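# Observations on the model geometry
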Amino acid sequence: MTITACTLDCPDACSIVAENGPGGLRLRGNPDHPFTRGFACPKLDVHRRRLASPHRLRSPRLKMDGVWRDIGWDDALDLCARKIAQYRDEPRSILHVRGAGNRGVVKFLSTLFFRTLGASGLHGSLCDEAGITACVEDFGALRHNDITDILHTSALVNWGRDLKRGSVHTAAMVRQLRKAGVPVVTIAPGADTAEGFTDRIVRIRPGTDRFLAAAVLREVLRRKGVAPEVAAACRDLPGFRALLEGCGDELLRWCGVSREDADFLAGLYAGAGPVASLLGWGMQRYRFGGQNVRFVNALAMLSGQVGRSGGGAYYNLSSMGNFDVPWKASTTYGRTLLMPDLAREIGRADPPVRMAWVECINPANQFPEAGAVAQALDGLDFVVVCDAFMTDTAEVADLVLPVALMLEQDDLVGSFLHEYVQWSGKAAEPPAGVRTDYDILSDLGRRLGLSLPDPEEALGQALRSRTLDTTLEELRAAGYARSTHPAVAFEGLRFGHADGLYRLPARLDPPQDPPAGYPLQLLTLINRRFVHSQILPEDQAARPVVGVHPDTLRGLGIEAGPGRLVTELGFLDVELAADAAVHPDCVVYRRGPWGKFGGGVNRIIRAVETDMGGGSAFYEQRCRLEGA
Ligand SMILES: Nc1nc2c(c(=O)[nH]1)N[C@H]1C(S)=C(S)[C@@H](COP(=O)(O)OP(=O)(O)OC[C@H]3O[C@@H](n4cnc5c(=O)[nH]c(N)nc54)[C@H](O)[C@@H]3O)O[C@H]1N2
Ligand SMILES: Nc1nc2c(c(=O)[nH]1)N[C@H]1C(S)=C(S)[C@@H](COP(=O)(O)OP(=O)(O)OC[C@H]3O[C@@H](n4cnc5c(=O)[nH]c(N)nc54)[C@H](O)[C@@H]3O)O[C@H]1N2
Ligand SMILES: [Mo]
């Protein structure tokens, strides 16, 4: 039996008990872990199948004249060393593209490797950075109450977190709350987001949470004003009040929410009991995504919900942030390119990018304008992709290096939802022919005179932290330890800014007119069974399925079945499925299917940067549908 942890890009970051028996590898949630509580989600079993998949790469492959050939590791690494040596005089011509496909302290040493070289890296994010930047502007730190504290609330307002698919442990707590009679309200474009986990659904026009939060806040202020201690904890409350007073009925018109629903929410936020707000990542995947998050935070703050048990505004925290990683502050990339606009960034880079090293990420599938990203990579002199499968990105590489995956290597990992750090022990032997990212780079480093810290040393260092009180031995045995952060964030209303005050947003941008000819909003949401594109070929449908409200299909005179999803960038042949849970102005595509198997929706999604944090406004994309 081995204690390990899931290091996939998922908030729950489960602690896992692994057993190797006659039937193969058995995985279950660690029953002792206070958050995992003995169960895990379907993604873990998919991962287990991926480990033993016949599609898994087991030898380095070099593309020569368009044909793939298996080569030995020594030849592969000699070639990499020659290429890096060739470009090292101008190290910015080497681009490091790293994602969160597998997370951990040792995993992230690859960043140290490329920073030491002075290579180019990326900034911004495809995921959560608009909301993170918003929270840091507001609270001065990325913190929230312990997620288990939602069990102390008297009402839960879920601003678009997909409980059914995204976080099985939050979902279990919400089920418990509802059983105890605590009301749960969900604000989302479609009822598909919270089916089974809500008492009331407030249907909102996509990308407009800031208007609803402002409208509800106006009503809360009218009903009960701002408590003196809350007012004293904010900088420039009068300025913010003036901004709100300048708004009127247009707020509800813009978000498409009824006065009755807004008043209901105001009743909760203005009530005596604490109200907890869950902020989903969906609302910040828009042009004004950061602002959306800031106004929901402002609603929680001014209604007196912050700094108290049962209240709180939950966007992200980072228990990985507890690890002490000294090299993070002492090294930088030679320059960085904006992640969500990678193709254009490569095109305008000066000095030009010549070579790329891609690991733990699938840009030709998951980045907006994925086709252009694939082309930009294809146009470089030399591209190395480290992955375990022939992904859309691996297809455009010159050299593919087969890697060991999660559960096949030791590491420490954190969560972006709970305060535990976890031991992710090696629970399975990697197949012959594959190597860990760390081994690949340390071997390459030896050829280049560049050494990485020993993994054991890096793990020990990570725990020498002010906010952790544990040792590697303890973690190996127990599997987890909680940070020393208090269970209630910002108690006493002391915030992370130098003056200790909360910041309110200074502007509220109106909606933008949709482009003509593309009346529907394309929401590319998560898939319950898979994390992003980590899907086995045999689990992919012939055509990606797109959910559409039956009235929308009827209005267009289109039947459910084969059809076409069209944007200004191109089209995808899809299977249209009638789904009454979807907002009538939206279509829902569950992201992840591979371009080479007919998926790859990001080829038709334009790169749009969010207002804060260099995020990707994927859900801003408009589309139309055509019948077969
Ligand atoms: N249209 C649209 N696209 C989106 C989003 C959206 O809302 N809409 N949101 C996005 C979000 S939230 C995110 S987080 C990103 C995710 O984008 P990616 O990080 O690109 O997502 P994955 O598909 O998980 O790709 C990870 C890759 O790493 C590989 N991998 C796994 N473990 C290892 C390892 O140990 N070493 C190496 N070298 N490789 C490994 C996997 O096989 C996989 O190919 O993209 C997003 N893309
Ligand atoms: N099974 C599974 N779980 C995952 C992942 C996965 O790929 N698969 N990915 C993980 C990662 S990296 C991330 S970032 C998270 C993402 O987790 P979520 O943010 O929960 O997932 P999304 O599907 O991106 O978007 C969430 C919901 O936001 C709603 N939404 C869309 N637009 C708006 C809006 O304007 N306002 C409001 N209020 N709601 C809106 C949608 O209806 C959708 O159901 O999930 C993590 N967990
Ligand atoms: Mo994400």
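On a predicted model such as this, the values are computed, not experimentally measured, just so you know.

### Here's the deal with the packing of aromatic side chains
- A full pass over the atoms with the stated rule returns 14 aromatic pairs.
- Between the aromatic rings of W281 and F416, the centroid separation amounts to 5.7 Å while the plane-to-plane angle is 85°, which identifies the pairing as edge-to-face. One end of the pair, W281, is in the loop between β12 (275-279) and α11 (289-302); the other, F416, is in the loop between β18 (411-413) and β19 (420-424), with 135 residues separating them in the sequence.
- With a relative accessible area of 15%, W281 lands in the buried category.

### Observations regarding the domain arrangement of the chain
- Domain boundaries assigned for the chain yield domain 1 (2-51), domain 2 (61-126 + 320-482), domain 3 (145-315) and domain 4 (520-627).
- One C-alpha centre belongs to domain 1, the other to domain 2, and the line joining them spans 23 Å.
- With 27 residues of domain 1 in contact, the opposing surface of domain 2 contributes 28 residues.
- At the boundary of domain 1 and domain 2, one finds zero salt bridges.
- Linking domain 1 to domain 2 there are 13 residue pairs in polar contact (both at pLDDT 80 or more).
- Put simply, the parts of the chain that give the side of domain 1 that touches domain 2 at least two residues each are β1 (2-5), β2 (15-21), β3 (24-29) and α1 (42-51).
- For the side of domain 1 that touches domain 2, the class distribution of residues is 15 nonpolar, eight polar and four charged.

### What to know about the site of ligand 1
- Lining the immediate surroundings of ligand 1 are 29 residues, of which N102, D387, D437, S533 and N602 lie closest.
- In the environment of ligand 1, an oxygen atom lies 2.4 Å from a nitrogen or oxygen atom belonging to the side chain of S533.
- Take N602: an N or O atom from its side chain is 2.7 Å from a nitrogen atom of ligand 1.
- About the coverage of ligand 1: the protein hides 97% of its 920 Å² of free accessible area.
- Of the residues belonging to the shell around ligand 1, the class tally is 11 nonpolar, 11 polar and seven charged.
- No fewer than three residues from each of domain 2 (61-126 + 320-482) and domain 4 (520-627) sit in the shell around ligand 1.

Parameters at a glance
- Residues numbered from 1 in each chain as written.
- Chains lettered and ligands numbered in written order.
- Predicted model: local features only at pLDDT ≥ 70, side-chain atom pairs only at ≥ 80, totals over all residues.
- Heavy atoms only, no water.
- Phe/Tyr/Trp six-rings, centres within 6.5 Å; stacked < 30°, edge-to-face > 60°.
- Helix = DSSP H or I, 4+ residues; strand = E, 2+ residues; numbered from the N terminus.
- Buried < 20%, exposed > 50% of the residue type's maximum accessible area, 1.4 Å probe, protein only.
- Domains from an automatic or database assignment.
- Contact = heavy atoms within 4.5 Å.
- Salt bridge = Lys/Arg side-chain N within 4 Å of Asp/Glu carboxyl O.
- Polar contact = N/O pair within 3.5 Å; in protein donor to acceptor, adjacent residues only side chain to side chain.
- Nonpolar A, V, L, I, M, F, W, Y, C, P; charged D, E, K, R; others polar.
- Near = heavy atom within 4 Å.
- Areas by Shrake-Rupley, 256 points an atom, 1.4 Å probe, with all protein chains shown as cover.

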